[in-house]
Amino acid sequence: MLFFRYTSQHSHQRLAQIYTTKSAEVLAFAAIAAMLPQSVLGLFTGIFIDRWKRKRVMILADSFIAFCTLILAVLFYLDIAKIEHIYIMLALRSVGSAFHMPAMQASVPLLAPKSELIRIAGINQIIQSACNIAGPTDCGSMAAMAAKASTSADFVSKLSHRMIAKLTIELVRIEKN
């Protein structure tokens, strides 16, 4: 489940960037928009995540990210999406990830037995690294096969991955601390 979530996230970002422009400057701004909010907020979100219910944080953060994706999909569908919209949505999605990632990482020790904790943490890192590689590769494949008009299909795919992840999280019981 995590693999599909992260792969579609990286794929979504690259596909939007490829179709809007081929400029290195635009890619740099998109990378800043996608990483800066999470980097800055990440310094503070752990405090709140420890106080709040992690399950709720993950569900709300995933829902927020899915909502941002839906807005961007609608903008593309209506053919009114601009590069500024993509920057804003990437930044907003990064804000959601700033809450989701630490909540998920803090939930692993609550779900895994102590004897398996190191192995499961390693598996999570492998999944994240594989998605960093597979996301752009997946995007390149989609870009090669799809026409510009079908970019909204990627957003719909991303949204469905988010909803599946959200339902999966909803079914798992996670203690507060």
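Our subject is the structure that appears above.
The numbering scheme is per chain: residues are counted from 1 as the chain's sequence reads. Only residues with pLDDT of 70 or above have their local features reported here, since the model is predicted, and side-chain atom pairs are shown and tallied only from 80 upward, although totals for entire chains, interfaces and linings are computed over all residues. Derived side-chain values reflect all non-hydrogen atoms in the structure, with water molecules and hydrogen atoms excluded from consideration.

Student: Can you walk me through the nonpolar core in this structure?
Tutor: Inside soluble globular proteins, nonpolar side chains tend to come together where they are buried. Judged by nonpolar contacts, Val26, Ala30, Ala33, Ala34, Cys68, Leu72, Leu75, Phe76, Ile86, Tyr87, Met89 and Leu90 together constitute the single largest core of 12 residues. Helix and strand assignments come from DSSP, with helices taken as H or I runs of at least 4 residues and strands as E runs of at least 2, each series counted from the N terminus. Elements with a contribution of two residues or more to this core: helix H2 (24-51), helix H3 (54-77) and helix H4 (83-111). By size, the runner-up hydrophobic cluster in this structure holds six residues, among which are Val57, Met58, Met101 and Ala103. Joining through side-chain atoms within 4.5 Å is the link that ties buried Ala, Val, Leu, Ile, Met, Phe, Trp, Tyr and Cys residues into a set, and such a set is a nonpolar core. Three exposure classes are used, based on accessible area relative to the maximum for each residue type with a 1.4 Å probe and protein chains only: buried under 20%, partly exposed in between, and exposed over 50%.

Student: Can you walk me through H3 in this structure?
Tutor: Three or four residues apart is the spacing at which side chains of an α-helix point the same way, because the helix has 3.6 residues per turn. If you check H3, its first and last C-alpha atoms are 34 Å apart, about what 24 residues at 1.5 Å a residue would give, namely 34 Å. Two residues or fewer past H3, Asp79 is found with a positive phi of approximately 60°. In this analysis, the expected span of each helix is defined as 1.5 Å times one less than the number of residues it contains.

Student: In this structure, what is going on with H4? I would like to understand it.
Tutor: The end-to-end C-alpha separation of H4 is 40 Å, in line with the 42 Å expected for 29 residues at 1.5 Å each. In the structure, H4 departs most strongly from a straight axis at Ser97, where the bend amounts to approximately 25°. One axis is fitted to the seven residues ending at the residue and one to the seven starting there. The bend at that residue is the angle between these axes.

Student: Can you walk me through the packing of aromatic side chains in this structure?
Tutor: Classification of ring pairs rests on two measures: the distance between centres of Phe, Tyr or Trp rings, Trp counted by its six-membered ring, which must be within 6.5 Å, and the angle between planes, read as stacked under 30 degrees, edge-to-face over 60 and tilted in between. Throughout the structure, instances matching the rule amount to three aromatic pairs. Ring centres of Trp52 and Phe99 lie 6.2 Å apart, and the angle between their planes is 15°; this geometry places the pair in the stacked category. Remark: Phe99 occurs in helix H4 and Trp52 occurs in the loop between H2 and H3; sequence separation between them is 47 residues. What makes Trp52 partly exposed here is its relative accessible area of 41%. By relative accessible area, which is 22% here, Phe99 ends up partly exposed.

Student: Looking at this structure, I do not really get the pattern of salt bridges. What am I missing?
Tutor: Proximity of charged atoms lets side chains of opposite charge pair with each other. Salt bridges are defined as contacts in which a side-chain nitrogen from Lys or Arg sits within 4 Å of a carboxyl oxygen from Asp or Glu. This model, assessed by the stated rule, comprises two salt bridges. Residue Arg54 pairs with Asp50 through a salt bridge whose shortest N-O separation is 3.3 Å. One salt bridge in this structure joins Arg119 and Glu116, with 2.6 Å as the shortest N-O distance. Exposure remark for Glu116: the relative accessible area of 27% places this residue in the partly exposed category.

Student: Whenever I open this one, the packing of H3 against H4 confuses me. Can you help?
Tutor: Each pair of packed helices gets described by two things: the angle between the helix axes and the distance between those axes. Two elements in contact, H3 and H4, have axes separated by 8 Å at closest approach and are oriented at 155°. With respect to H4, the axis of H3 lies roughly antiparallel. Crossing hand, H3 versus H4: left-handed. Under this grouping Gly is polar, as are all residues other than the nonpolar Ala, Val, Leu, Ile, Met, Phe, Trp, Tyr, Cys and Pro and the charged Asp, Glu, Lys and Arg. Its residues assigned to classes, the contact of H3 with H4 shows 18 nonpolar, six polar and three charged. Only the stretch in contact is used when fitting a helix axis, every axis being a line fitted to C-alpha atoms; angles between N-to-C directions are given from 0 to 180 degrees. Note on angle classes: values under 35 degrees are labelled roughly parallel, values over 145 roughly antiparallel, values of 65 to 115 roughly perpendicular, and the remainder oblique. By definition, turning the near helix anticlockwise from the far helix through less than a right angle yields a left-handed crossing, and turning it clockwise yields a right-handed one.

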